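The primary structure of each chain is shown beneath.
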Amino acid sequence: MINVLVLYYSSYGHVETMAGAVAAGAREAGATVALRRVPELVPDAVADKSGYKRDQQAPVATVSELADYDAIILGTPTRFGNMAAQMKNFLDQAGGLWFEDRLVGKVGSVFTSTGSQHGGQESTILSAHVVLLHLGMVVVGLPYSFKGQMRMDEITGGSPYGASTLADDGHGGDRQPSENELEGARFQGRHVARIAAALAGRHEAA
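- In the nomenclature of an unreviewed UniProt entry, the protein is known as NAD(P)H dehydrogenase (quinone) of Paracoccus siganidrum.
- Reading the Sequence similarities (unreviewed entry) entry of the UniProt record for the protein gives the comment "Belongs to the WrbA family."

This is the structure in structure tokens:
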């Protein structure tokens, strides 16, 4: 049985919703899935004033547990075209795992949320890929076999680098992930789980 970790940070709930879809897709592929979030760094008073979603149910992850999984799928909102500080802070603590090669050969993948169509979806995912590669992971994206990312009849997230969603409706209002974006997230979860299973099978055969 393949063990998959869906590890996310979410301020307002959009990435949390996508994380649930990614986890569902991985389970559909037969994986055992753990849904975890990274610790919040923003002071409570600031988070409350900003309207952060404070009732997220996923347990907070520990850095040491990263080595327990066959695949790790990261979810982060974008901050100026890069991953959120909360996610980067968590990954920056993985130096011990890096030094011992504990994540080498594991599958890594990324999904994101931005406030607009051109808010850094691709750069956020690609910059996160750099971290995964430094850790020795096998990077997996969202292939074009998910045809939903080629749609032209609606505004939608999604790229060959990973699933994504748009959090703003264009008028300053809250937009929740669309069904197409959620299906992209589920597809990515299934795809990652299947590749992790294939790699594990080859390793056992060797």
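After that view, the rundown keeps rolling.
**Re empty space enclosed by the protein**
- What the rule picks out here adds up to 1 cavity of 30 Å³ or more.
- For the largest cavity, the calculated volume is near 40 Å³.
- Taken together, L66, I72, L74, L91, L103, L132, L135 and M137 make up the lining of the largest cavity.
- Residues of the lining of the largest cavity, tallied by class, amount to 8 nonpolar, no polar and no charged.

**A short note on the layout of surface pockets**
- Within this model, the largest pocket holds a volume of roughly 280 Å³.
- As for the largest pocket, its lining consists of 14 residues, and the residues nearest its centre are Q121, E122, T156, G157 and G158.
- Here the lining of the largest pocket is built from residues that sort into 4 nonpolar, 7 polar and 3 charged.

**Some words on the UniProt feature "binding site: NAD(+)" (unreviewed entry) in the protein**
- Listed under "binding site: NAD(+)" (unreviewed entry) in the UniProt record, and renumbered for this structure, are Y12.
- For Y12, the position within the fold is in the loop between β1 (3-8) and α1 (14-28).
- Residues in contact with Y12, not counting those within four places in the same chain, are S50, G51, Y52 and K53.
- Reaching out from Y12, the side chain makes a polar contact with the backbone oxygen of S50 at a distance of 3.3 Å.

**Some details on the pattern of salt bridges**
- For the structure on display, the rule yields 14 salt bridges.
- Linking R151 and E154 is a salt bridge whose minimum nitrogen-to-oxygen distance equals 2.9 Å.
- Note that R190 and E183 form a salt bridge whose closest N and O atoms lie 2.9 Å from each other.
- When its relative accessible area of 26% is taken as the criterion, E183 is described as partly exposed.
- Here the residues in one salt-bridge network are E28, E179, E183, R186 and R190, joined through shared partners.

**Description of the environment of G25**
- Mapped onto the elements of the fold, G25 is located in helix α1.
- C-alpha of G25 to C-alpha of L199: the two residues are 174 residues apart in sequence and 18 Å apart in space.
- Residues contacting G25, with those up to four places away along its chain left out, are R186, G189 and R190.

About the thresholds
- Residues numbered from 1 in each chain as written.
- Predicted model: local features only at pLDDT ≥ 70, side-chain atom pairs only at ≥ 80, totals over all residues.
- Heavy atoms only, no water.
- UniProt positions renumbered as here; feature names shortened; annotations may be inferred.
- 1 Å grid on protein atoms, 1.4 Å probe; cavity = no way out; pocket = protein on both sides within 12 Å on 5 of 7 lines; lining within 4 Å.
- Points joined across faces, edges and corners; volume = space filled by probe spheres on them.
- Nonpolar A, V, L, I, M, F, W, Y, C, P; charged D, E, K, R; others polar.
- Helix = DSSP H or I, 4+ residues; strand = E, 2+ residues; numbered from the N terminus.
- Contact = heavy atoms within 4.5 Å.
- Polar contact = N/O pair within 3.5 Å; in protein donor to acceptor, adjacent residues only side chain to side chain.
- Salt bridge = Lys/Arg side-chain N within 4 Å of Asp/Glu carboxyl O.
- Buried < 20%, exposed > 50% of the residue type's maximum accessible area, 1.4 Å probe, protein only.

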